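Coordinate analysis (summary)
What follows is each chain in one-letter form.
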Amino acid sequence: MVYDAFLLLSFGGPEGQDDVLPFLENVTRGRGIPRERLEAVAGHYRHFGGVSPINAQCRELIEALRPGFELPIYWGNRNWHPMLADTVRQMRDDGVQRAIAFVTSPFGSYSSCRQYRDDIDRARAEVPGAPVIDKIRHYHDHPGYIAPHADAVRAAVAGRTSPRLVFTAHSIPTSMNAASGPGGVGRYQAQLLETARLVAAQAAPELSWDLVWQSRSGPPQVPWLEPDINDHLEQLAKDGVTEVVVSPIGFISDHLEVLWDLDEEAKATADRLGLDYVRAATPGADPRFVDLIRELVAERVLAHGNVRHALGTIPTWDFCPADCCVSPKRP
Ligand SMILES: CC1=C(CCC(=O)O)c2cc3nc(cc4[nH]c(cc5[nH]c(cc1n2)c(C)c5CCC(=O)O)c(CCC(=O)O)c4C)C(CCC(=O)O)=C3C
Ligand SMILES: [Fe+2]
């Protein structure tokens with residue numbers, strides 16, 4: 001494959017109080033999120049001045065990627081400026097023919113994979129003469145993703161006696177999980193279990209670990225992946241656990257869900273239960289994670305199938321099959 005541009009494709013987030021509600025409207029359009037949940041989430045953004053950390057993290061990643069990078073770098077988001085369609089228009093105007101896109105989620109599922117491909121299709125449909133845009137494969141078990149998480153867990157474990165490792169990822173409806181992967185094989189949960197296993201093995205093979213979920217939204221009658229981190233902390237306290245290290249392996253950087261749902265909410269739960277609680281860092285702009293992006297681009301450009309770095313056993317592919325991660329029916 002020959003590419004003449006690189007696209008960082010992300011979720012987007014508000015950059016001031018006035019952006020919060022229009023941003024949330026973009027995120028939740030037609031998704032049946034209850035009003036109370038939206039107001040609560042608006043409050044989480046307002047707590048941070050209406051500024052999501054995610055845009056600064058994208059800018060930081062781009063600056064870290066730039067030195068020596070062969071392709072012009074573009075950035076577009078699903079839900080907030082720079083909006084993907086505007087970026088695609090700019091790419092077209094600059095004469096870009098075929099771009100390779102890195103998405104800021106390593107996993108399969110509608111929300112974390114296929115919806116980004118739908119975003120690309122929709123943006124291209126708005127722009128006559130738009131370049132072709134290919135999405136980079138999943139990277140949930142790439143050494144450049146596992147190692148920074150593992151170092152962070154090791155650092156958090158240091159000085160503690162025998163903490164329980166608690167890995168977390170964004171919950172999704174169980175129907176969305178079931179539909180994830182080719183033909184619908186629950187690939188989202190399977191990939192996260194693999195990531196958890198690999199991080200635990202690299203960081204602290206002697207410790208017990210669990211994979212739990214965070215940041216559930218949607219109406220209560222719709223089942224989402226469980227247990228929630230807060231319920232899980234209750235159970236651990238009952239079981240006599242006294243120290244927990246929480247590692248958000250579902251996130252590449254400190255998204256709002258990490259800063260609020262873990263550092264505020266889950267921390268408060270742990271304090272109430274008398275648990276010693278520490279949250280491990282995310283990769284952010286760790287040089288190994290930046291190199292992962294370079295490698296995945298090189299892997300596709302050179303098509304050197306023999307150098308496809310992966311520590312796990314779940315297969316990945318360059319182009320998703322048609323029946324992969326289809327959109328679940330929404331209430
Ligand atoms: C799997 C997954 C990821 C990881 C993959 C990826 O990274 O893309 C992710 C990331 C993110 N989700 C984010 C924010 C939100 N997600 C929401 C709602 C939802 N997320 C879902 C799933 C996921 N979400 C789902 C199934 C919904 C229900 C609505 C629907 O079916 O689509 C809502 C609505 C309010 C609420 O209910 O929370 C908000 C505000 C931000 C930005 C954070 C920041 O600002 O730093 C990021 C990175
Ligand atoms: Fe989300």
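Since we're looking at a predicted model, the values are computed, not measured. (Residues numbered from 1 in each chain as written. Chains lettered and ligands numbered in written order. Predicted model: local features only at pLDDT ≥ 70, side-chain atom pairs only at ≥ 80, totals over all residues.)

Before going further, it helps to spend a moment on the site of ligand 1. Taken together, 25 residues lie near ligand 1, and Gly13, Ser52, Ser105, Ser217 and His255 sit nearest. Of all the secondary-structure elements, those providing two or more residues to the shell around ligand 1 are α1 (20-28), α2 (35-47), α5 (110-126) and α10 (256-273). Broken down by element, the residue count for the shell around ligand 1 peaks at three residues, all from α1. Residues that form the shell around ligand 1 fall into these classes: nine nonpolar, 13 polar and three charged. The residues that make up the shell around ligand 1 include at least three from each of domain 1 (5-139 + 286-302) and domain 2 (143-279). (Near = placed C-beta within 6 Å. Helix = DSSP H or I, 4+ residues; strand = E, 2+ residues; numbered from the N terminus. Nonpolar A, V, L, I, M, F, W, Y, C, P; charged D, E, K, R; others polar. Domains from an automatic or database assignment.)

For α2, built from 13 residues, the straight-helix expectation of 18 Å at 1.5 Å per residue is met to within 8% by its first-to-last C-alpha distance of 18 Å. Once α2 ends, the next one or two residues include Gly49, with phi positive near 70°. (Expected span 1.5 Å × (residues − 1).)

With parallel pairing, the four strands of this open sheet are ordered in space as β6-β5-β7-β8. Lying at the two open borders of the sheet, with one neighbouring strand each, are β6 (209-214) and β8 (276-279). Going from strand to strand, the sheet's axes swing by 25° on average, the running direction of each strand aside. Direction of pairing for strand β7 (residues 243-247) relative to β8: parallel, over a ladder of four bridges. Across the sheet, the residue bridging to Val244 is Tyr277, located in β8. Sitting on the sheet, helix α8 (residues 187-203) is in contact with β5 (164-170), β6 and β7, with an inclination near 135° to β6. Of the strands in this sheet, β5, β6 and β7 are in contact with helix α9 (residues 229-238), which crosses β6 at around 145°. (Pairing = 2+ DSSP bridges. Axes fitted to C-alpha atoms, helices over the stretch in contact; angles between N-to-C directions. Contact = placed C-beta atoms within 7 Å.)

Counting residues in each nonpolar core, the largest one holds 78 residues, and the members touching the most others are Ala99, Val153, Val199, Val244 and Val245. No other element matches helix α6 (residues 143-157), which puts eight residues into this core. Residues lining this core come from more than one domain, with at least three contributed by each of domain 1 (5-139 + 286-302) and domain 2 (143-279). In this structure, Val245 is in contact with Val153, Ala156, Val157, Pro163, Leu165, Val166, Val278 and Ala280, ignoring residues within four places of it in sequence. (Core = buried A, V, L, I, M, F, W, Y, C linked by C-beta atoms within 7 Å. Buried ≥ 20, exposed ≤ 12 C-beta atoms within 10 Å, placed from the backbone.)

Moving on: the packing of helix α4 (residues 84-93) against α5. At a minimum axis separation of 9 Å, α4 and α5 run at an interaxial angle of 55°. Relative to α5, α4 is oriented oblique. Considering how the two elements wind past one another, α4 and α5 form a crossing that is right-handed. Across the interface between the two elements, Leu84, Ala85 and Val88 from α4 touch Asp119, Ala123, Arg124 and Glu126 from α5. Classifying every residue of the contact of α4 with α5 gives four nonpolar, no polar and three charged. (Parallel < 35°, antiparallel > 145°, perpendicular 65-115°, else oblique. Left-handed = near helix turned anticlockwise from the far one by under 90°.)

A few words now on the sheet that holds strand β3 (residues 98-103). Strand order in this open sheet of four strands is β2-β1-β3-β4, and the pairing throughout is parallel. Two strands bound the open sheet, and with one partner strand each, they are β2 (73-77) and β4 (132-135). Strand-to-strand twist across the sheet, computed as the mean angle between neighbouring axes with direction ignored, equals 30°. Pairing of β3 with β4, which is carried by four bridges, proceeds in the parallel orientation. Following the sheet pairing, Ala99 is matched in β4 by Ile133. Across the sheet, α4 touches β1 (5-10), β2 and β3, and the angle it forms with β2 is around 155°.

What follows covers the UniProt feature "binding site: Fe-coproporphyrin III" (unreviewed entry) in the chain. When the UniProt feature table is mapped onto this chain, "binding site: Fe-coproporphyrin III" (unreviewed entry) is found at Ser52 and Tyr116. Considering the arrangement of structural elements, one finds Ser52 in the loop between α2 and α3 (54-65). Overall, the presence of 24 C-beta atoms within 10 Å leaves Ser52 in the buried class. Mapped onto the fold, Tyr116 is located in helix α5. With residues up to four places along the chain from it excluded, the contact list for Tyr116 reads Leu9, Arg78, Val103 and Lys135. (UniProt positions renumbered as here; feature names shortened; annotations may be inferred.)

Time to look at the environment of Ala56. Following the sequence through the fold, Ala56 ends up in helix α3. On the neighbour-count criterion, Ala56 (14 C-beta atoms within 10 Å) is partly exposed. When the C-alpha atoms of Ala56 and Pro22 are compared, they prove to be 19 Å apart, with 34 residues separating the residues in sequence.

With that out of the way, let us pick up the confidence of the model for the chain. Summary statistics for the chain give a mean pLDDT of 95 and a share of 98% for residues scoring 70 or more. Interface predicted TM-score (ipTM) for the complex: 0.93; the corresponding pTM is 0.96. (pLDDT = per-residue confidence, 0-100.)

One frequently used descriptor of interface size is the decrease in accessible area upon assembly of the parts. The assigned domain composition of the chain is domain 1 (5-139 + 286-302) and domain 2 (143-279). Spacing between the C-alpha centres of domain 1 and domain 2 amounts to 24 Å. Across the contact, 26 residues belong to domain 1 and 24 residues belong to domain 2. Looking at the side of domain 1 that touches domain 2 residue by residue, the classes come out as 11 nonpolar, 10 polar and five charged.

What follows is about the pairing of β6. Of all six residues in β6, five are buried, a share of seventy percent or more. With six bridges connecting them, β5 and β6 associate as parallel partners. In the strand pairing of β6, Phe167 is matched with Leu211.

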